[in-house]
Amino acid sequence: MNRRLPAQRYYRIATSVFFFVQGITFASWANRIPTIKGMLQLNDASLGALLFALPAGQILGLPLAGYLVSRYGSRKILITGAVLYPATLMLLGLVTAVWQLALALALFGFFVNLMNISVNTQAVGIEKLYRRSIMASFHGLWSLGGFMGGLVSTSMIAKNISPFIHFVIIWAFTLLCLIVFYRYLLPRDESHESKQPIFVKPDKYILNLGLIALASMVSEGAMFDWSGVYFEKVVMAPKALITLGYIAFMSTMAGGRFTADYFVTKFGVKNVLQASGIIIAIGLLLSILFPYIVPATIGFLMVGIGVSSIVPLVYGLAGRSKTMRPGVALAAVSSIGFLGFLFGPPFIGFIAQMASLRWSFAVIAILGLSTTFLSRNIK
């Protein structure tokens, strides 16, 4: 790297790389769900129940992740998570039984939070150095990683490359990123030695932020876990285009995050969050009412725009809490938000089994719209 760059620029570049690593890792799993579903001969309800294991692992890991980041600093925990999270992909690629998939998903969810809380704590600290909103751009790199993961997965599927080999390649790439960039991470969190207690009850404001994150994450979870299945079973897309909906969603999610800071500065956090909920609902309804490749893809593009700014803005607000340490505040908001990932996938699967996948997406549209109402009290 250019040694003449200011220190804060080094920190921003390195943290951006780790957001990208997190995105490409998750996307690699999400895009191989239909493949693994077929390998294990799972129906929609069974898949939904199994997908419950991933957010369950996330929920169990959140309190520990918040404590470890506050106790040891985000840098050490991020390095640890960046090793273990992508490595768990290879376990997912080796599963041959339902119980193995459930266990691997729980570990996958547990380790993602070591990265999630620590990398967002790094981002909060760097945003304070810049003294302006840059949180959404960090999450844009996560989405860009997800978009690239979708493209790589599409290529792997088209060439009939097994999930395990696919995941080994991803792990090798993420390990290379870690070796090159770990030394440029923010060395110390601003509040690492703060007198604020590590364990504190979240106030109403933090709880409201958590509910907004939950509504958004339910919609994200629908796209991550069910977009491929939706295009396969409802849209009836050819095998080569099964991942098109996911790629469409991730592309606008990434683009929206790179522009969100500008719109927040121009229109304010509240207006951006309220508009986001409306866009999510319209996009999902479009894909439900017109389940064909073109309108469904447009609908998924809109959902990507809608969810793009919600989580980064909520995380940024939580990280500036005056009553809680950044790592603990982020863990509290994430704990509530990830309930969307916890209950969303099985919820979608059960409704799909009883009625149809289109009805499942209709319910998710209503939940996405709730973001608009929950954002009324945001300052």
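Throughout this description, residue numbers start from 1 for each chain and increase along the sequence as written. pLDDT decides what is reported in this predicted model: residues at 70 or higher carry local features, side-chain atom pairs at 80 or more are listed and counted, and totals for whole chains, interfaces and linings draw on all residues regardless. Side-chain numbers come from the whole structure's heavy atoms, not from hydrogens or water.

- In the nomenclature of an unreviewed UniProt entry, the protein chain is known as MFS transporter of Pinibacter aurantiacus.

1. Quick word on the pattern of salt bridges
Logical step 1: Think of a salt bridge as a Lys or Arg side-chain nitrogen and an Asp or Glu carboxyl oxygen that are within 4 Å of each other. In this structure the tally under the stated criterion is 1 salt bridge.
Logical step 2: For Arg257, the salt bridge is made with Glu220, and the minimal N-O distance between the two is 4.0 Å. Placement of Arg257 in helix 10 (residues 244-267) and of Glu220 in helix 9 (residues 204-233) is noted, with a sequence separation of 37 residues between them.
Logical step 3: Overall, the relative accessible area of 5% leaves Glu220 in the buried class. Where helices and strands are cited, they refer to DSSP runs of H or I of at least four residues and of E of at least two residues respectively, numbered from the N terminus. Three exposure classes are used, based on accessible area relative to the maximum for each residue type with a 1.4 Å probe and protein chains only: buried under 20%, partly exposed in between, and exposed over 50%.

2. Considerations on the packing of helix 5 (residues 74-94) against helix 6 (residues 98-130)
Logical step 1: Contact geometry for helix 5 and helix 6: axes closest at 8 Å, N-to-C directions at 155°. On the basis of the axis angle, helix 5 is roughly antiparallel to helix 6. Taken as a pair, helix 5 and helix 6 cross one another with a handedness that is left-handed.
Logical step 2: Residues are grouped as follows: Ala, Val, Leu, Ile, Met, Phe, Trp, Tyr, Cys and Pro are nonpolar; Asp, Glu, Lys and Arg are charged; every other residue, Gly included, is polar. Of the residues in the contact of helix 5 with helix 6, the class split is 19 nonpolar, 7 polar and 1 charged. For helices, the axis comes from a line fit to the C-alpha atoms of the stretch in contact; other axes are also lines fit to C-alpha atoms, and the angle between any two N-to-C directions lies between 0 and 180 degrees. Should an angle fall under 35 degrees it is called roughly parallel, over 145 degrees roughly antiparallel, and 65 to 115 degrees roughly perpendicular, with every other angle called oblique. The crossing is said to be left-handed when, going from far helix to near helix, the turn is anticlockwise and less than a right angle, and right-handed when the turn is clockwise.

3. Some thoughts on the nonpolar core
Logical step 1: Buried Ala, Val, Leu, Ile, Met, Phe, Trp, Tyr and Cys residues that are joined via side-chain atoms within 4.5 Å together make up what is termed a nonpolar core. Ranked by size, the top nonpolar core spans 114 residues in total, and within it Trp29 and Leu101 carry the most contacts.
Logical step 2: Among the elements that make up this core, the one with the highest residue count is helix 6 (14 residues).
Logical step 3: Contacts are residue-level and defined by heavy atoms, with any inter-residue pair within 4.5 Å sufficient. Every residue in contact with Trp29, bar those within four places of it in the chain, is listed here: Ile36, Leu51, Leu54, Leu89, Leu92, Leu101, Leu105, Phe108 and Phe167.

4. So, unusual backbone geometry
Logical step 1: Phi is positive for Gln41, which is not a glycine, with a value near 55°.
Logical step 2: Residue placement: Gln41 occurs in the loop between helix 2 (33-39) and helix 3 (44-51).
Logical step 3: Residue Asn160 is not a glycine yet carries a positive backbone phi of 60°.
Logical step 4: If you trace the backbone, Asn160 turns up in the loop between helix 7 (135-158) and helix 8 (163-181).

5. Brief notes about helix 1 (residues 7-30)
Logical step 1: An ideal rise of 1.5 Å per residue puts 34 Å on 24 residues; helix 1 measures up with 35 Å between its terminal C-alpha atoms.
Logical step 2: In terms of burial, helix 1 is largely enclosed, as 20 of its 24 residues are buried. Any helix carries an expected span of 1.5 Å times its number of residues minus one.

6. Here we look at the side chain of Asn208
Logical step 1: For Asn208, the position within the fold is in helix 9.
Logical step 2: Its relative accessible area of 14% is what places Asn208 among the buried residues.
Logical step 3: Two N or O atoms form a polar contact when they lie within 3.5 Å of each other; inside protein one atom must be a possible hydrogen donor and the other a possible acceptor, and for residues adjacent in sequence the pair counts only when both atoms belong to side chains. A distance of 3.2 Å separates the side chain of Asn208 from the backbone oxygen of Leu374, its partner in a polar contact.
Logical step 4: Beyond its immediate stretch of four places on either side in the chain, Asn208 contacts Leu374 and Ile378.

7. Structural notes on the packing of aromatic side chains
Logical step 1: Each pair of aromatic rings taken from Phe, Tyr and Trp, with Trp reduced to its six-membered ring, is defined by centres within 6.5 Å and is described as stacked if the planes are under 30 degrees apart, edge-to-face if over 60, and tilted in the remaining cases. Tallied over the full model, the rule gives 12 aromatic pairs.
Logical step 2: Centroid distance Phe20 to Phe173: 6.3 Å. Interplanar angle 70°. Geometry classified as edge-to-face. Placement of Phe20 in helix 1 and of Phe173 in helix 8 is noted, with a sequence separation of 153 residues between them.
Logical step 3: Given the relative accessible area of 17%, Phe20 is considered buried.
Logical step 4: Owing to a relative accessible area of 34%, Phe173 belongs among the partly exposed residues under this scheme.

8. Some points on helix 12 (residues 293-308)
Logical step 1: Taking 1.5 Å per residue as the helical rise, helix 12 with its 16 residues ought to reach 22 Å, and the 22 Å between its terminal C-alpha atoms agrees with that figure.
Logical step 2: Among all positions of helix 12, only Pro295, Ala296, Thr297, Gly299, Phe300, Val303, Gly304, Gly306, Val307 and Ser308 are buried.
Logical step 3: Where helix 12 is buried, its residues meet helix 9, helix 10, helix 11 (269-289), helix 13 (310-319) and helix 16 (357-374).

9. Looking at the side chain of Ser219
Logical step 1: Mapped onto the secondary structure, Ser219 falls in helix 9.
Logical step 2: On the basis of relative accessibility, which here comes to 1%, the residue Ser219 falls in the buried class.
Logical step 3: Side-chain polar atoms of Ser219 contact the backbone oxygen of Ala215, separated by 3.4 Å.
Logical step 4: Contact partners of Ser219, with chain neighbours within four places excluded, come to Ile280, Val307, Ile364 and Gly368.

10. Remarks on a nonpolar patch on the surface
Logical step 1: Patch membership requires over 30% relative accessible area and the absence of a salt bridge. Like charges are linked within 9 Å, and nonpolar side chains (Val, Leu, Ile, Met, Phe, Trp, Tyr) within 5 Å. Accessible surface area values rest on a Shrake-Rupley calculation with a 1.4 Å probe, where residue burial reflects the displayed protein chains alone. A surface patch of nonpolar side chains, amounting to about 410 Å² of accessible area, comprises Leu91, Trp99, Leu103 and Leu107.
Logical step 2: A total of 3 residues in the nonpolar patch trace back to one element, the largest contributor, which is helix 6.
Logical step 3: Checked against the element boundaries, Leu107 lands in helix 6.
Logical step 4: When its relative accessible area of 32% is taken as the criterion, Leu107 is described as partly exposed.

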